[in-house]
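Structural description and commentary
In case you want the letters, here they are:
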Amino acid sequence: MVMVFYGNNGKSNPVSMESRVEHQTKNQITYDIHLPSDLGMLYKVRLGLQSLENSISQLSLHHFKIQNTSTLDTFSLTINKTLPLNGDRWIEFPIQWPLQEALSVVTYHLTVFSRNILSERNSVHMTACIYGTHGDTGDRSLLQSLQNVQHGEENESFLVIMNAVELGELDKIVLLISSKTDCKLHIKKLHVKEVAKEHPTYVFEVNEDFSVDANKLKIQREIPRSFIIRGGKQNNDIDNNLNKEGSQTRNVTEYTIKVYTGDKRGAGTDANVHIILYGNEDKSEVFHLSQSLEHQNPFERGKVDTFKIKAKKLGSLHSIEIGHDGKGFASGWFLEKVEITEAARNSLYCFNCNRSVDHSITLYMLFSFQQELVV
């Protein structure tokens, strides 16, 4: 069993209960957990199973009680549920402390519009984490229990039901995709809405082919919100809210990342490389650089690998964090430099390294310039 605790200053890492048993009777287990004090006031708990792959595991939950050992404030809740629930291995609930107003548990409908996911679903594992102003849902499986399946020759859609503590206004979805076999998946868009409310519907445009390699790390993609349908006709709503919400092209930009591996003995790496972009307006999610446009095996000695990512606009880039997980037979890596081109601003940013990267390193911009547009 795993728990994640949410406070008004952030959330904890997943806390495994396996080695935290303080006292156990026939029908009750007590855990002693020390959480980071910088979480602030706790408002939500997500609870689930350790393994997302094992379909045999089940967990029966009857009652939950948590006590702050400093203030002795206590919260208790009757659950009486058995996981998994309709393919979802997580449940979450709000914590209501004395004199504090608690959030509500709501049901979300997430509709996936795609081209060929249904034909590949027996080998594909796909999760979505929905983010809003009140936190996130954590990674929820999309292909375990589908509803309202529409399957055409070129277009298909299916519905996923999620129960979660209300997220507030939604702003992005992070997809994780892996497969037992090599395949290419096309995702068109995602719609999310609360079941109890006719509106709003949050629209996340994707329109991307995902080339999934069975031997590579999971593909991670951050999908910023494109627009909100608040009621009436969709087009009228977009026109009325364009200045407030922004259009897809104004919210999202494409970054082309060129990674130069040094031409030295042992310079290449087989490890999984990641990158985070930092701008003067925001920072990106963690992107895993696995799909090189030039080479099947990226980051080889003396090679240049190009990657394209879509992310929210970050402003002018000033630094990046780049590194790897140290896995693989040859994990050491000599990184020469990284060049990043932003499509929306037509700007090129250069980050020099010229050193070995053991795990991760922060590089600061060496120079940037606006490239001349050729029409």
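Quick note: structure is the one above.
Calculation rules
- Residues numbered from 1 in each chain as written.
- Predicted model: local features only at pLDDT ≥ 70, side-chain atom pairs only at ≥ 80, totals over all residues.
- Heavy atoms only, no water.
- Helix = DSSP H or I, 4+ residues; strand = E, 2+ residues; numbered from the N terminus.
- Buried < 20%, exposed > 50% of the residue type's maximum accessible area, 1.4 Å probe, protein only.
- Contact = heavy atoms within 4.5 Å.
- Areas by Shrake-Rupley, 256 points an atom, 1.4 Å probe, with all protein chains shown as cover.
- Core = buried A, V, L, I, M, F, W, Y, C linked by side-chain atoms within 4.5 Å.
- Salt bridge = Lys/Arg side-chain N within 4 Å of Asp/Glu carboxyl O.
- Phe/Tyr/Trp six-rings, centres within 6.5 Å; stacked < 30°, edge-to-face > 60°.
- Lys NZ or Arg CZ within 6 Å of the ring centre and 35° of its normal.
- Pairing = 2+ DSSP bridges.
- Axes fitted to C-alpha atoms, helices over the stretch in contact; angles between N-to-C directions.

**So, the overall build of the chain**
Along the backbone of the chain there are three helices and 29 strands. Scored against the burial criterion, the 375 residues of the chain give a buried share of 45%. Long-range contacts, defined here as pairs at least 24 residues apart, represent 66% of the contacts in the chain between residues at least 6 apart. Carbon and sulfur atoms make up 45% of the accessible area of the chain, which amounts to about 20,000 Å² in all.

**Side note on the nonpolar core**
One finds Leu110, Met126, Leu142, Ile173, Ile177, Ile187 and Leu190 to be the most contacted residues of the largest nonpolar core, which totals 35 residues. Of all the elements in the fold, those that place two or more residues in this core are β10 (105-114), α1 (117-120), β11 (124-132), β15 (156-165), β16 (170-179), β17 (183-194), β18 (201-212) and β19 (219-224). The residues contacting Leu110, other than those within four sequence positions of it, are Ala128, Ile130, Leu142, Phe158, Leu159, Val160, Met162, Ile173, Leu190, His191 and Val192. One finds Leu277, Leu314, Leu335 and Ile361 within the second-largest nonpolar core, a separate group that totals 26 residues.

**Let's talk about the pattern of salt bridges**
Inspection of every chain in the model, using the stated rule, returns twelve salt bridges. A salt bridge links Glu208 to Arg221; the nearest nitrogen and oxygen atoms lie 2.9 Å apart. Here Arg221 lies in strand β19 and Glu208 lies in strand β18, a separation of 13 residues in the sequence. Across the pair, exposure class does not vary: Glu208 and Arg221 are buried alike. With its nearest N and O atoms 3.2 Å apart, the salt bridge here joins Asp282 to Lys312. Here Asp282, found in the loop between β22 (273-279) and β23 (287-288), pairs with Lys312, found in strand β24 (residues 304-312); they are 30 residues apart in sequence, far enough to count as distant. Overall, the relative accessible area of 34% leaves Asp282 in the partly exposed class. Owing to a relative accessible area of 22%, Lys312 belongs among the partly exposed residues under this scheme. Through salt bridges with shared partners, a single ionic network connects Lys11, Arg46 and Asp136.

**Things to note about the packing of aromatic side chains**
Throughout the structure, instances matching the rule amount to four aromatic pairs. An aromatic cluster of three or more residues is present, and its members are Phe299, Phe307 and Trp333. Note that Lys189 overlies the ring of Phe113, its terminal NZ or CZ placed 5.0 Å from the centroid.

**Some details on the sheet that holds β18**
Backbone hydrogen bonds are what pair the strands of a sheet, in a parallel or an antiparallel way. Strand order across the open sheet formed by six strands is β14-β15-β10-β17-β18-β20, with antiparallel pairing between neighbours. Only two strands of the sheet have a single partner each, and these edge strands are β14 (147-151) and β20 (227-229). Averaged over neighbouring strand pairs, the angle between their axes works out to 30 degrees when direction is ignored.

**Points about the sheet that holds β22**
Taken together, the four strands give an open sheet; going across it, the order is β23-β22-β25-β28, and neighbouring strands pair in antiparallel fashion. Unpaired on one side and paired on the other, β23 and β28 (360-364) mark the two borders of the sheet. Pairing geometry for β22 and β23, over two bridges, is antiparallel. From the neighbouring strand, His274 faces β23, where its bridge partner is His288.

**Describing the environment of Arg345**
Summarising the element assignment, Arg345 is placed in the loop between β26 (333-342) and β27 (347-357). Spatially, the C-alpha atom of Arg345 lies 8.9 Å from that of Ser316, the residues being 29 residues apart in sequence.

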